[in-house]
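# Geometric and topological summary
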Amino acid sequence: MTAATIRQPKRLADYQPPSFLVSKTDLSFELDPTATRVSATLTFQRNGAGIMILDGQQLKLISLRLNGQMLTDKDYRLTEDSLEIVKPGNSGVLEIVTELNPDQNSALEGLYLAEGVYCTQCEAEGFRRITYYPDRPDVLAVFTTTIIADSSQLPFLLSNGNKVSETLLSDGRTAVKWHDPFPKPAYLFALVAGDFDCLTDAYVTASGRQVSLEFYVQKGALSRSHFAMAALKRAMHWDEQRFGLEYDLDRYMVVAVDFFNMGAMENKGLNVFNSKYVLADDSSATDQDYFNIESIIGHEYFHNWTGNRVTCRDWFQLSLKEGLTVFRDQEFSADMGSATLNRIEAVKLIRTAQFAEDASPMAHPIRPEQVLEMNNFYTVTVYDKGAEVIRMLQTILGKTGFNAGLKCYLDRHDGQAVTCDDFVQAMQDATGQDLTQFRRWYSQSGTPEVKVQEHYDATSARLTLKLHQHTPVTADQTIKQPLLMPMRIELLFSNAGSSMRQLLLLSNEEQEFQFDGIHEQPLIVWLEDFSAPVKLSTHYQPEQLLLIAGRATNGFARWDAMQQYWSLLISKAVTGGLLPQLPAELVSLFKQLLQQPLADIALTAELLALPDFDTLAEQYTEIPVDALLSCLAHLTQQLAEALAIELTACYQRFDSIAYHYNEQGVALRALKGRCLHYLAFTNEGEHWVNQHYRQADNMTDQLTALKAAQYAELATSNSLLEDFAKRYQHNVQVMDKYFSLVATTPNDAVFTHLDRLTQHSLFSWKNPNRVRAVFGAFSQRNAKQFHRADGRGYQLLAQIVTKLDPINPQLAARLLTPLLSWQRYDQQRQHLLAGLLKALAAQASLSNDVFEKVSKSLP
Ligand code: ARG
Ligand code: ZN
């Protein structure tokens, strides 16, 4: 196959139903590190016109039989990525034997062997690396899987569904057979073989079904899997309560592996997780880790209905399951902890990574229209903007309407592979709401910009609000249409406590809303709870923002007002070429917050935070890197000096309570941590940071101290880091945190450090967690060194991408992302970045993953 044919993107518009379906797939694996044999027996039926063409990649074909007859060369055509059966007939049984080399599989797609564990990852198109198959989500078969291996070395042989039998073979090997009664696409297939510790528990569903819950983790890590188990039970219970959805098999298995490209995978009855999102205990996990584990455990569990029982017709529909399932996991997390904090974090992600993606050469709608490498579309747009689109539906239809819509969708399409349109149609049919215009959110890319104007007329007591929406063109699409978007607002009246909340539905490019009987000019809180994923421009005065921060009913809106306040202050400074000065009214507000934290302490901690670099960056067409970094550093220093007394008092006011991961504990640590972050910049910085580190009985506080020391560039920073590395040298999950910390060193020394880290005995280029801990942190969380004007940071990342591409293209392509947005920077940086991208593009044998992104980024 020539390069030109490999690089042919697929288009949504070209979708054709499969010409053949497979009703039964029987697999047998004889595991061997370098020569695993896979026998696949497919029972197929014709479904439409067309030839029978099966997908296959990096496979060695051993033999092929059709209805028992051995096929020879003339009966089939083999290419590098397909197998065509010349005369398949209208139905029959095809037996395919292939051989694979799991040991050499460093791409971690298909079947791979890492650290003695055989593991599969088939989404999106990994099953074609196991056997020849119609590897597309609209071919659903009932799978029976037999795994044959030496059980003294591999005591656990797992696959989807229920265990049917376990037999000792005459040659001493063991054969374990699994059967999954639910028809599924190949991307949900999984096999795991290895030696593990196993934590078991049980769950009884609302209707009384007994489910055995099993966590398989690395030896010795059992005590670190209890939290994930408890989170799973909470998720199962929550889905019953909130959506009336129950689990449907007798077993639910979760395997944790250290070699994994993503967070986790929802294979039917056999989830595979990145160990980072399973293993945790109080001494090794941060509050954030606990949060992530609960949310991802929830996410994969919720996929059992939204993804597995009802799946995608084709990969362009990925958001059908991912946007919806992210929305579901967000709702779950909101119910398990602080809803406000959850919303803030979700919005930060949209305003940083998602807005950046919309403005980048990789811009795409939540339902992409053209894809070269599917792995490139597991994006923050498909996932998180996708979840925002689902959230807007819930806002428009109300919770009751939304629940009815979801029920209609699942009842109607259970067992099917469907489209985003089918989903919206179900929402429409269940509620009677016309969602024709709303569907544009699925086809239109880009971040809408909404401008608001207010006019108040005292004599008629009438308030008129004028809204204007506009979506700027994106790299993939020039014509943009108005969208239907829900705008939540609150009108604040001078009489404290008096307000009015409204939901406006904006559908035209320009639209007016009138309110009568308004007897004074209110202060308007726009886009409460971030009710639509847009950029909003308002005409607030700084004092008005501080008022909203103090008074809005919605916690998110209060935080958002503070963020807007800082953005305004910083943008004035950037425009004027000056450093911002701390306004007195801000200092007094912060004093007040420190002296009397709100009842919601977690919110106080957020109100006291400056926006991060990435959030600010997305507010500029050309990102003023250096100016933003100096403004942030300067403001931090000024806040520390102006508030040293209040910060100290607030820090000391809350006695450290013994560590417990719960809402109150999280909030307290966040507030103390915020204080410490500023205190590190005072004369007493060394003292407070050292003490915080020494007294910490948990990972959150230790990391807070280490980060504060590093950001403030305290002398103690290095010795604390060394101490930390020594203490945790045997826990690789914690060492990843150490790697990331070192990679975010804010000065020149980082380059020597990075080099040293890649020589560390725990580091491996084949392990995505290690590579991300080092280079993901460097490129995404060390703006100062990554964006150096001399290009050293960019060069390093380009080198790493080049090195990784042959090892793990998916990982290489993900790391590449920050280089793509070269047009967002000044001339000098543009020049450096464009040069590096051109050099990358000129390399022979780039993977499709890297090729697609690099080629899109060049004119
Ligand atoms: N479906 C998985 C999830 O829950 C993600 C798997 C993505 N895999 C990949 N190779 N891109 O989000
Ligand atoms: Zn998912």
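Residues numbered from 1 in each chain as written. Chains lettered and ligands numbered in written order. Predicted model: local features only at pLDDT ≥ 70, side-chain atom pairs only at ≥ 80, totals over all residues.

## Things to note about the overall build of the protein chain
Here is the rule we go by: A run of H or I in DSSP becomes a helix once it reaches four residues, and a run of E becomes a strand once it reaches two; helices and strands are each numbered from the N terminus. In this treatment the radius of gyration is a C-alpha quantity, and the globule benchmark scales as 2.2 Å times the residue count to the 0.38 power. With C-beta atoms placed from the backbone, a residue counts as buried when 20 or more other C-beta atoms lie within 10 Å of its own, as exposed when 12 or fewer do, and as partly exposed for counts between those limits.
Scanning the protein chain from N- to C-terminus turns up 27 helices and 31 strands. Relative to the 2.2 N^0.38 estimate, which gives 29 Å for 859 residues, the radius of gyration of the protein chain is 28 Å and therefore close to what a compact globule would have. Along the first, second and third principal axes, the C-alpha set of the protein chain runs to 85 × 65 × 60 Å. Counting the 859 residues in the protein chain, one finds 50% classified as buried.

## Examining the UniProt feature "domain: Peptidase M1 alanyl aminopeptidase C-terminal" (unreviewed entry) in the protein chain
Stated formally: UniProt positions are given in the numbering used here, feature names are shortened, and annotations may be inferred rather than shown by experiment.
UniProt's entry tags residues 543-858 with the feature "domain: Peptidase M1 alanyl aminopeptidase C-terminal" (unreviewed entry), counted in the numbering of this structure. Here residues 543-858 runs as 71% helix and 0% strand, with 44 Å between its end C-alpha atoms.

## Overview of the domain arrangement of the protein chain
Often the size quoted for an interface is simply the accessible area lost on bringing the parts together. The criterion, for reference: The source of the domain bounds is an automatic or database domain assignment. Our contact criterion uses C-beta atoms placed from the backbone: two residues qualify when those atoms are within 7 Å. Note on residue classes: Ala, Val, Leu, Ile, Met, Phe, Trp, Tyr, Cys and Pro are nonpolar, Asp, Glu, Lys and Arg are charged, and everything else, Gly too, is polar.
Partitioning the protein chain into structural domains gives domain 1 (4-195), domain 2 (311-443) and domain 3 (449-537). Its C-alpha centre places domain 2 at a distance of 23 Å from the equivalent point of domain 3. Taken together, the contact pairs 17 residues of domain 2 with 15 residues of domain 3. For the side of domain 2 that touches domain 3, the secondary-structure elements that each account for two or more residues are α5 (339-358), α6 (380-413) and α8 (440-443). No other element matches the five residues that α6 contributes to the side of domain 2 that touches domain 3. A class-by-class count of the residues in the side of domain 2 that touches domain 3 yields eight nonpolar, four polar and five charged.

## Details of the site of ligand 1
Where we set the bar: Each residue receives a C-beta atom built from its backbone; the residue is near a molecule or strand if that atom lies within 6 Å of it.
Residues in contact with ligand 1 amount to 14 residues; listed here are only the nearest, Glu-123, Met-262, Met-265, Asn-375 and Tyr-378. Where the shell around ligand 1 is concerned, the elements lending two or more residues are β20 (264-265) and α3 (287-302). Considered class by class, the residues forming the shell around ligand 1 number five nonpolar, five polar and four charged. Each of domain 1 (4-195) and domain 2 (311-443) gives at least three residues to the shell around ligand 1.

## Some details on the sheet that holds strand β30 (residues 523-525)
Within a beta sheet, neighbouring strands are joined by backbone hydrogen bonds and run either parallel or antiparallel to one another. Spelled out, the test is: Any two strands with at least two DSSP bridges between them are considered paired. For every element, the axis is a line fit to its C-alpha atoms; helices are fit only across the contacting stretch, and the angle between N-to-C directions ranges from 0 to 180 degrees.
Read from one edge of the open sheet, three strands run β28-β27-β30, paired in antiparallel fashion. Each of the sheet's edge strands pairs with one partner strand only, and the pair in question is β28 (499-506) and β30. Taking the axes of each pair of neighbouring strands and ignoring which way they run, one obtains an average angle of 30° across the sheet. Both strand β27 (residues 485-492) and β30 contribute to a ladder of three bridges, which runs antiparallel. The residue of β30 that forms the bridge with Leu-492 is Leu-523.

## Structural notes on the UniProt feature "domain: Peptidase M1 membrane alanine aminopeptidase" (unreviewed entry) in the protein chain
Those places that UniProt annotates as "domain: Peptidase M1 membrane alanine aminopeptidase" (unreviewed entry) correspond, in this numbering, to residues 227-441. The distance separating the terminal C-alpha atoms of residues 227-441 is 37 Å; by composition the span is 56% helix and 9% strand.

## What about the confidence of the model for the protein chain?
We apply this condition: pLDDT runs from 0 to 100 and stands for how confident the predictor is about each residue.
Looking at the protein chain, pLDDT values average 97 and 99% of them are 70 or higher. Within the model, pLDDT remains below 50 along residues 1-5, and this stretch shows four contacts once partners closer than five positions in the same chain are excluded. If you check the scores for this complex, the pTM reads 0.98 and the ipTM reads 0.98.

## Some words on the environment of Phe-243
By the element assignment, Phe-243 lies in helix α2 (residues 226-243). Separated by 141 residues in sequence, Phe-243 and Pro-102 have C-alpha atoms that sit 40 Å apart.

## Some words on the pairing of strand β26 (residues 462-470)
Every regular strand shows the same layout, with side chains that alternate between the two sheet faces. Only one face of β26 is covered, namely the face carrying Leu-463, Leu-465, Leu-467 and Gln-469; the face carrying Arg-462, Thr-464, Lys-466, His-468 and His-470 is uncovered. Bridge count between strand β25 (residues 449-457) and β26: nine bridges; the pairing is antiparallel. Within the sheet, the bridge partner assigned to Val-452 lies in β26 and is Leu-467. Between β25 and β26, which pair antiparallel and follow one another directly, the connecting turn spans four residues, one of which, Ala-461, has a positive phi of 55°. Pairing between β26 and strand β29 (residues 510-516): seven bridges, direction antiparallel. Paired with Leu-467 across the bridge in β29 is Gln-511.

## Let's talk about helix α20 (residues 732-743)
To keep things clear, this is the line we draw: Multiplying 1.5 Å by the residue count of a helix minus one yields the expected span of that helix.
The first and last C-alpha atoms of α20 sit 16 Å apart over 12 residues, in line with the 16 Å expected at 1.5 Å per residue. α20 sits mainly inside the fold: 11 of its 12 residues count as buried. Where α20 is buried, its residues touch α18 (699-711), α19 (717-727), α21 (750-759) and α22 (768-781).

## Observations regarding the nonpolar core
Our working rule: To define a nonpolar core, we join buried Ala, Val, Leu, Ile, Met, Phe, Trp, Tyr and Cys residues through C-beta atoms within 7 Å and take the resulting set.
Counting residues in hydrophobic clusters, the biggest one holds 261 residues, and the most contacted among them are Val-192 and Val-255. Of all the elements, α6 adds the most residues to this core, at 12 residues. Those residues in contact with Val-192 that lie beyond four places of it in its chain are Val-117, Tyr-118, Cys-119, Leu-158, Val-255, Leu-270 and Val-272.

## Overview of the sheet that holds strand β2 (residues 20-30)
The strand order across the open sheet built from eight strands is β6-β5-β9-β3-β2-β12-β15-β14, with neighbouring strands paired in mixed fashion. Edge positions in the open sheet fall to β6 (69-70) and β14 (162-168), since each of these has one partner strand only.

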